[in-house]
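# Geometric and topological summary
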Amino acid sequence: MINRSLVRALVTSAVLAGAGALLAGCNGEDISLANNAKANQPVPPKLVADMTAKDMDLQSPILVRLYKQEAELEIWKQDRSGRFALLKTYPICRWSGDLGPKVREGDRQAPEGFYTISPAQMNPQSAYYLSFNTGYPNAFDKALGRTGSQLMVHGDCSSRGCYAMTDEQIAEIYSLGRESFFGGQKSFQLQAYPFKMTPANMAKHRNNPNMPFWKMIKEGNDHFEVTRQEPKVDFCEKKYVFDAIKKPGATRDLVFDASAKCPDYAISDEVANAVREKQATDIAETARLIAKGTPVARTNTGIDGGMHRVFAARVPDGNTGLSEPGDGSLSLMARAPGTIPSHVNPPKAPSDNLLMGTPEPPKLAAAPAPTPAAAPSRVANAAPAAENDGWFSSLARKVGIGGGADATASTPPAKPKVIEAKRPEAAAPKAAAPKPDTKQVAASRPPLKPSVDSSAPAAKDNLVSGSAPIVPPNSFDSRFGAVK
């Protein structure tokens, strides 16, 4: 009897060959999307049930959003109405660098911006369990002369310019991407932000020198928020352009070049008006918060990135670094979502106050450390604040706020209305490839990370129930030189 996992591998190879696509690995090697047991793990049944409850298909398109400050990765998935809805939020185990975009090779920065992930960027042979390449640098980054390579979202909770998850988390995320490709999605979008683009965060970071860049990518965030559609991204004049279309009556197709002058394009009135309304509301609320006395975020020196508190609380001498709490729901987890490796290197404690005039937050209490096998410790910029809030104040006055003391009495802004974006439906999932059996019982296959079940009882240490601790025999620095 032929092993079912072998059948799945053969089916996968046939589908990819039939499509005429030779998928390349992160290091340029020709490897398939799912050529081993790790890459073939099924989507957990609980997550499939969540999709059903949210009117989503297993193989419908996905979209990924990342936030450094909150240390969260969101998976959005297209429902049967054609809109994207939030499927699941994952706490990020480790990210490196500072808030702000990556600029050059070796700066240890995790990238920010909009990137496209194709099947060729999925790496089932990663040294970090599983991974996918973010696609940095994109055309915008290249136009500015920015350099860097092999920037990944991967497992192993070790970061040196990447976004690192636990092995169990990346197995689940990888499976969602794989199924979307099997369903016909040619690529999925990765949106990487310094923080959630709320008025509160924009007010707090108003003096950061990266603010002009953040305002630019916030526009793409706003397009997604009001349409719940993946924004079309182009580049010209060394800037991002979102949802550009030909002007009425135009006969030529739009041609974009990141370093050249922008072509004469338009944005649909429906989208443009909805975005404009949201931006006016956000600017008014930002000005209100500034007038109310929202402290300015302070640059911290000597900190390399962040870690979600659900992990930091379970690591000896753990600290969240530059990460701050999000909505709090993830922090209520009874246990960490995945195996925390013994070699994890949490961020250092802040050397300065996070906000001017506020006390330094207390260090999170660490859970008692297990007794792991001996393993070498491994390692995964800060920018000064310089601008004033004149931009927000002037724009606020245009929308009737004025930025004065009276603004503090205004009511909170209403949630932006999601519009019916008139876009063609995504291609239906391919029916040619038979659904492979997800039960894999091969005696020779490597041990796999089980999916995280939040309903299971809390573990007594930092290991997930039923999982095996990961204690790599080599060091982080040596592994960093290998395929990620």
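Scroll up to find the structure this text is about.
If you're wondering where the values come from, they're calculated on a predicted model, not measured in any experiment. (Residues numbered from 1 in each chain as written. Predicted model: local features only at pLDDT ≥ 70, side-chain atom pairs only at ≥ 80, totals over all residues. Heavy atoms only, no water.)

### Points about the overall build of the protein chain
Helix and strand counts for the protein chain come out as 10 helices and 14 strands. Surface summary for the protein chain: the accessible area is close to 21400 Å², and the carbon and sulfur share equals 55%. (Helix = DSSP H or I, 4+ residues; strand = E, 2+ residues; numbered from the N terminus. Areas by Shrake-Rupley, 256 points an atom, 1.4 Å probe, with all protein chains shown as cover.)

### Side note on the nonpolar core
Of all hydrophobic cores here, the largest spans 61 residues; its most connected members are L73 and Y240. The element best represented in this core is helix α4 (residues 167-182), accounting for seven residues. When near neighbours in sequence (up to four residues on either side) are disregarded, Y240 contacts G113, F114, N138, F140, F213, M216, I217, V233, D234 and F235. Formed by 10 residues, the second largest nonpolar core is a distinct cluster that contains C157, F311, I340 and V344. (Core = buried A, V, L, I, M, F, W, Y, C linked by side-chain atoms within 4.5 Å. Buried < 20%, exposed > 50% of the residue type's maximum accessible area, 1.4 Å probe, protein only. Contact = heavy atoms within 4.5 Å.)

### Regarding the pattern of salt bridges
Here the structure, examined in full by the defined rule, presents 22 salt bridges. Salt-bridge contacts for K196 lead to E72; the nearest nitrogen and oxygen are separated by 3.3 Å. Here E72 lies in strand β2 (residues 72-78) and K196 lies in the loop between β10 (188-193) and α5 (199-204), a separation of 124 residues in the sequence. We note a salt bridge from E179 to R178, for which the minimum N-O separation is 3.0 Å. Each member of the pair, E179 as well as R178, carries the same accessibility label: buried. (Salt bridge = Lys/Arg side-chain N within 4 Å of Asp/Glu carboxyl O.)

### Brief notes about the environment of P248
By the element assignment, P248 lies in the loop between β13 (245-246) and β14 (265-266). On the basis of relative accessibility, which here comes to 80%, the residue P248 falls in the exposed class. Separated by 17 residues in the primary sequence, P248 and Y265 have C-alpha atoms spaced 9.5 Å apart.

### Here we look at the pairing of strand β11 (residues 233-236)
Inspection of the sheet shows β11 paired to strand β12 (residues 239-242) by four bridges, in the antiparallel sense. Looking across to β12, one finds that V233 is bridged to F242. In this structure, the hairpin formed by β11 and β12 is closed by a connection of two residues, where E237 is found at a positive phi of approximately 50°. (Pairing = 2+ DSSP bridges.)

### Remarks on the packing of aromatic side chains
Enumeration according to the criterion identifies 15 aromatic pairs in this entry. Relative to F224, the ring of F84 lies with its centre 6.5 Å away and its plane at 55°, an arrangement referred to as tilted. Of this pair, F84 sits in strand β3 (residues 84-91) while F224 is found in helix α6 (residues 211-227), placing the two residues 140 residues apart along the sequence. Classification of F84 as buried rests on a relative accessible area of 5%. (Phe/Tyr/Trp six-rings, centres within 6.5 Å; stacked < 30°, edge-to-face > 60°.)

### Things to note about the sheet that holds strand β5 (residues 113-117)
Taken in spatial order, the five strands make up an open sheet running β3-β2-β1-β10-β5, and their pairing is mixed. Bordering the open sheet on either side are β3 and β5, each of which pairs with just one other strand. Neighbouring strand axes in the sheet, compared pairwise and without regard to direction, differ in orientation by 20° on average. Here strand β1 (residues 62-67) pairs with β2 via six bridges, running antiparallel. In the sheet register, Y67 faces β2, and the bridge partner there is E72. (Axes fitted to C-alpha atoms, helices over the stretch in contact; angles between N-to-C directions.)

### What to know about α6
A rise of 1.5 Å per residue sets the reference length of α6, with its 17 residues, at 24 Å; its end C-alpha atoms lie 24 Å apart and thus fit the reference within 8%. Buried residues dominate α6, accounting for 14 of its 17 residues. (Expected span 1.5 Å × (residues − 1).)

### Things to note about the state of the cysteines
For the structure on display, the rule yields two disulfides. Paired through a disulfide, C93 and C157 show a sulfur-sulfur distance of 2.0 Å. Residues C93 and C157 are joined through a disulfide that is left-handed, its torsion about the S-S bond being -75°. Of the two residues, C93 is situated in the loop between β3 and β4 (94-95) and C157 in the loop between β8 (152-154) and β9 (163-164); the sequence distance between them amounts to 64 residues. (Disulfide = S-S within 2.5 Å.)

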